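Remarks on the overall topology
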Amino acid sequence: MPVTAILGAQWGDEGKGKIVDSLCEHADVVARFQGGANAGHTLYINGKETILHQLPSGIMHPKVECVLGNGMVIDPLELWQEMNNLQNQGFPIDERVHISLQAQIVTPIHKHLDAKTELVLGSAAIGTTKRGIGPCYADKANRSGIQVRELREINAVQQKVNEKMEQLRRNNLATADEIQSLLHSMDQFYTASTAILPYVTDTSILLNSYIHAGKNILVEGAQGTLLDIDFGSYPYVTSSNTIAGSICTGLGIGPKTIDNIIGVYKSYTTRVGAGPFPTEQLNAIGDYLQRTGKEFGATTHRKRRCGWFDAALGKYSARINGFTAAVITKLDILDQLDQIQICTHYENGSFPEIDLQSAVPHYISLPGWQQTTAQTHRLSDLPKAAQQYLRKIEELLEIPITYVSIGKDRRQLICLES
Ligand code: IMP
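These remarks concern the structure in this document.

Rules used throughout
- Residues numbered from 1 in each chain as written.
- Predicted model: local features only at pLDDT ≥ 70, side-chain atom pairs only at ≥ 80, totals over all residues.
- Heavy atoms only, no water.
- Helix = DSSP H or I, 4+ residues; strand = E, 2+ residues; numbered from the N terminus.
- Rg over C-alpha atoms; globule rule 2.2 N^0.38 Å.
- Buried < 20%, exposed > 50% of the residue type's maximum accessible area, 1.4 Å probe, protein only.
- Contact = heavy atoms within 4.5 Å.
- Areas by Shrake-Rupley, 256 points an atom, 1.4 Å probe, with all protein chains shown as cover.
- Lys, Arg positive; Asp, Glu negative; His and termini not counted.
- Charge placed at Lys NZ, Arg CZ, Asp CG, Glu CD.
- Phe/Tyr/Trp six-rings, centres within 6.5 Å; stacked < 30°, edge-to-face > 60°.
- Lys NZ or Arg CZ within 6 Å of the ring centre and 35° of its normal.
- Core = buried A, V, L, I, M, F, W, Y, C linked by side-chain atoms within 4.5 Å.

1. Section: the overall build of the protein chain
When you go through the protein chain residue by residue, the secondary structure sums to 11 helices and 19 strands. Compactness check: the protein chain gives a C-alpha radius of gyration of 21 Å against a globular reference of 22 Å for 418 residues, within 12% of the reference. Each principal axis of the C-alpha atoms in the protein chain carries an extent, and together these give about 65 × 50 × 40 Å. Among the 418 residues that make up the protein chain, the fraction classed as buried is 59%. Restricting the contact set of the protein chain to residue pairs at least 6 apart, pairs at least 24 apart contribute 75%. Carbon and sulfur atoms provide 50% of the accessible area of the protein chain, an area that totals close to 17600 Å². Charged side chains in the protein chain number 38 positive and 43 negative. The centres of these two groups are separated by 1 Å.

Written out as structure tokens, the structure reads:
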């Protein structure tokens, strides 16, 4: 394995958490390199659902260490809560969580500004998760953010936050009530900021020492390629680079240390929030996928928009990330359909030459299999039509499929590697 990245190839919610969790049996470390509490990685272990927002999915494996890299924007309040919840459920945390000294801190002010901006944008809103991600990365780029290492001098952080509160007041960015409620949340924010300090370390030194020791490291992406701030459906994107290129800047490891880059694709397409979605099905098919796939956002609980597999964008993702392999998730959700469509290309050009909003998908139709696949353990046991569907996707993406997920549980995973 040495360093293997598991990244989202669509608009997020591809099921990366389950894949990381399943591959953790052979991993020593799982590291996240971007994003923050906007992520929602849903895991089902022994029938119980756990949603992780900031801790990497490896946390459910007691022997795996977890790294929150410098490229992340960390909300101490929510992270501390997440750590406590897991500890209370019997998952040990101490000695296993390592937070980068150089990650950015999300304050309650960032969350307030995120919600406020969305409100002001009205119908042009991005549909963010309101977790303060955009404002926090903006402060980072403006060189006015707070790095985790600064929490060691909490008085200086308080002074910085007070100045930001003052700016809010001066610029009328918060009503008197909102200021009161922000002040109220600050005590808890400082308490949590101090509580996470024992977990703070130089994670670049740590990861590089683990790489030299030959440990197996999984890198867990959050969101997906089409939400990448450079290569996604801008401006309807998140505020970080979600693609393979940002693993190095988000973890402090060299590009030559990354051995495998695996793209996770759902067997159909979903997205939450606003923005173009060429293969969206605003009809009975979309409703079927949403209902059968239980497509609700893990962070915001919004209904996800649903549509057919888009191989035009899938191939784009494979190129942008340099995927060495693909994983297909939720194949079982297609079980009852009699015909399944795949968008092979756009009839009027390709992205980004054409705006995704105007893309005209060209579809091919494949026969469905109308059989349950959830109990299958081998590719050869899948219905022929399901095998044909996977082979067509493989042919269109031009990368091998190594795993297929056919259910929520970590054991419902077919390995295609011989
Ligand atoms: P933000 O990351 O909260 O700023 O949201 C920007 C866009 O990314 C919105 O369309 C969100 O719905 C979307 N987004 C952010 N995180 C996730 C995720 O983990 N899964 C799917 N969509 C996400």
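2. Re the packing of aromatic side chains
Two aromatic rings, taken as a pair, are described by how far apart their centres are and by the angle between their planes. Considering all chains together, one arrives at six aromatic pairs under this definition. Measuring from ring centre to ring centre gives 6.0 Å for Tyr-265 and Phe-323, while their planes differ by 75°; the resulting arrangement is edge-to-face. Of this pair, Tyr-265 sits in strand E11 (residues 260-266) while Phe-323 is found in the loop between helix H10 (311-321) and strand E15 (325-329), placing the two residues 58 residues apart along the sequence. In this structure an aromatic cluster arises from ring pairing among Tyr-265, Phe-309 and Phe-323. Of note, Lys-215 hangs over the ring of Tyr-210, and the distance from its end group to the ring centre comes to 4.5 Å. A cation sits over an aromatic face here: Lys-408 above Tyr-44, 4.4 Å from the ring centre.

3. As for the nonpolar core
Ile-247, Tyr-265, Leu-331 and Tyr-389 are the most contacted members of the largest nonpolar core, which totals 55 residues. Sorting elements by how many residues they give to this core places helix H11 (residues 384-397) first, with seven residues. Excluding residues that lie within four positions of it along the chain, Leu-331 makes contacts with Ser-267, Trp-369, Leu-382, Ala-386, Tyr-389, Leu-390, Val-404, Ser-405 and Ile-406. Ranked by size, the runner-up nonpolar core spans 38 residues in total, among them Leu-79, Leu-86, Ile-93 and Ile-109.

What is shown is where atoms sit, not what they do.
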